[in-house]
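# Chains, contacts and geometry: an overview
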Amino acid sequence: MKIAIINGPNLNLLGKRETDIYGNMPFEKYFDGLQKKYPQVSLHYYQSNVEGELVNELQRLGFDYDGIILNPAAYTHTSVAIGDAIAAIKTPVVEVHISNVHAREDFRKLSHVSGKSAGSIFGLGLKGYELALQFLLSPEK
Ligand code: DQA
């Protein structure tokens, strides 16, 4: 079982960035814990601050991987290209946001990704990535 986590811009700063919203845990540390907890899954992690690189990674993995957990960060609210990439690939994508985007500024309520994804999780902190993984491992997927 091959599952990828793809994070968008500024999520390389998790643990340092707006810790009141995003928490104190660097993503690499969380990812290591997740891989140890799910040794039966081959987890791949990719992060980029560049929109086109996120599209490239979705295309690269999206005909081979069993699932993709995607947090496009700010590109969620602006990127038609990332939405189109999700629609173009075969692998199911689960959208994850650490914060509750619906409880924040209005511009965060628009997602170009939700309508193209299998489902979305927001506001549950880093736990959202694990919940997305559990969904992708389940027969319901
Ligand atoms: C985010 C929410 C986005 O609105 C924001 O731009 C981010 C992170 C989240 O995980 O809560 O960078 O995707």
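Nothing here was measured: the structure is a model prediction, and the numbers come from that model. (Residues numbered from 1 in each chain as written. Predicted model: local features only at pLDDT ≥ 70, side-chain atom pairs only at ≥ 80, totals over all residues. Heavy atoms only, no water.)

## Details of the overall build of the chain
This is how it is decided: Only DSSP runs of H or I covering at least 4 residues are called helices, and only runs of E covering at least 2 are called strands; the numbering of each starts at the N terminus. As defined in this context, the radius of gyration uses C-alpha atoms, and a globule is described by 2.2 Å times the residue total to the power 0.38. Using a 1.4 Å probe on the protein chains alone, a residue whose accessible area is under 20% of its type maximum counts as buried, one over 50% counts as exposed, and one in between counts as partly exposed.
When its secondary structure is counted, the chain shows five helices and five strands. When its helices and strands are written in sequence order, the chain yields β-α-α-β-α-β-α-β-β-α. In terms of overall dimensions, the chain is globule-like: its C-alpha atoms have a radius of gyration of 14 Å, near the 14 Å expected for 141 residues. Reported as C-alpha extents along the three principal axes, the dimensions of the chain are approximately 35 × 30 × 25 Å. Within the span of the chain, comprising 141 residues, buried residues form 46% of the whole.

## Considerations on the pairing of strand S3 (residues 67-71)
To be explicit about the condition: Should DSSP find at least two bridges between two strands, the strands are regarded as paired. With the strands aimed away from the viewer, a crossover counts as right-handed if its path from the first strand over the helix to the second runs clockwise.
With five of five residues buried, S3 lies mostly within the body of the structure. Side chains Gly67, Ile69 and Asn71 of S3 all project onto a buried face; the interleaved residues Ile68 and Leu70 project onto the opposite face, where all are buried too. Relative to S3, strand S1 (residues 2-7) is paired through five bridges, and the arrangement is parallel. Within S3, the residue paired with Ile6 across the bridge is Leu70. Sheet topology note: the S3/strand S4 (residues 93-97) ladder contains three bridges and is parallel. The residue of S4 that forms the bridge with Ile69 is Val94. Between the parallel elements S3 and S4, the chain passes through helix H4 (residues 80-88) in a crossover that is right-handed.

## Here's the deal with the side chain of Ser48
Which entries qualify depends on this criterion: Residue contacts follow a heavy-atom distance rule, with two residues in contact if any of their heavy atoms lie within 4.5 Å.
Examined against the element boundaries, Ser48 turns out to sit in the loop between strand S2 (42-47) and helix H3 (51-61). Judged by relative accessible area, which is 3%, Ser48 ranks as buried. Filtering out sequence-adjacent residues up to four positions away, Ser48 remains in contact with Asn7, Gly8, Pro9, Glu53 and Leu54.

## Let's talk about the environment of Leu136
On the secondary structure map, Leu136 appears in helix H5 (residues 127-137). On the accessibility criterion, Leu136 (0% relative accessible area) is buried. Each C-alpha atom of the pair Leu136 and Gln47 lies 20 Å from the other, and the pair is 89 residues apart in sequence.

## Some thoughts on the side chain of Arg108
Rule in force here: Distance and chemistry together define a polar contact, namely a pair of N or O atoms within 3.5 Å, with one atom able to donate a hydrogen and the other to accept it when in protein, and with adjacent residues in sequence counting only for side-chain atoms on both sides.
Summarising the element assignment, Arg108 is placed in the loop between S4 and strand S5 (119-122). Judged by its relative accessible area of 16%, Arg108 falls in the buried class. Within the local environment of Arg108, its side chain forms a polar contact with the side chain of Glu105, the two groups lying 2.7 Å apart. If sequence neighbours within four positions are ignored, Arg108 has contacts with His77 and Val101.

## Quick word on the environment of Gly15
Along the chain, the position of Gly15 falls in the loop between S1 and helix H1 (19-22). Owing to a relative accessible area of 21%, Gly15 belongs among the partly exposed residues under this scheme. Taking C-alpha positions, Gly15 is 4.5 Å from Met25, a pair spaced ten residues apart along the chain. If we skip the residues at most four places from it in the chain, Gly15 touches Gly23, Asn24, Met25 and Pro26.

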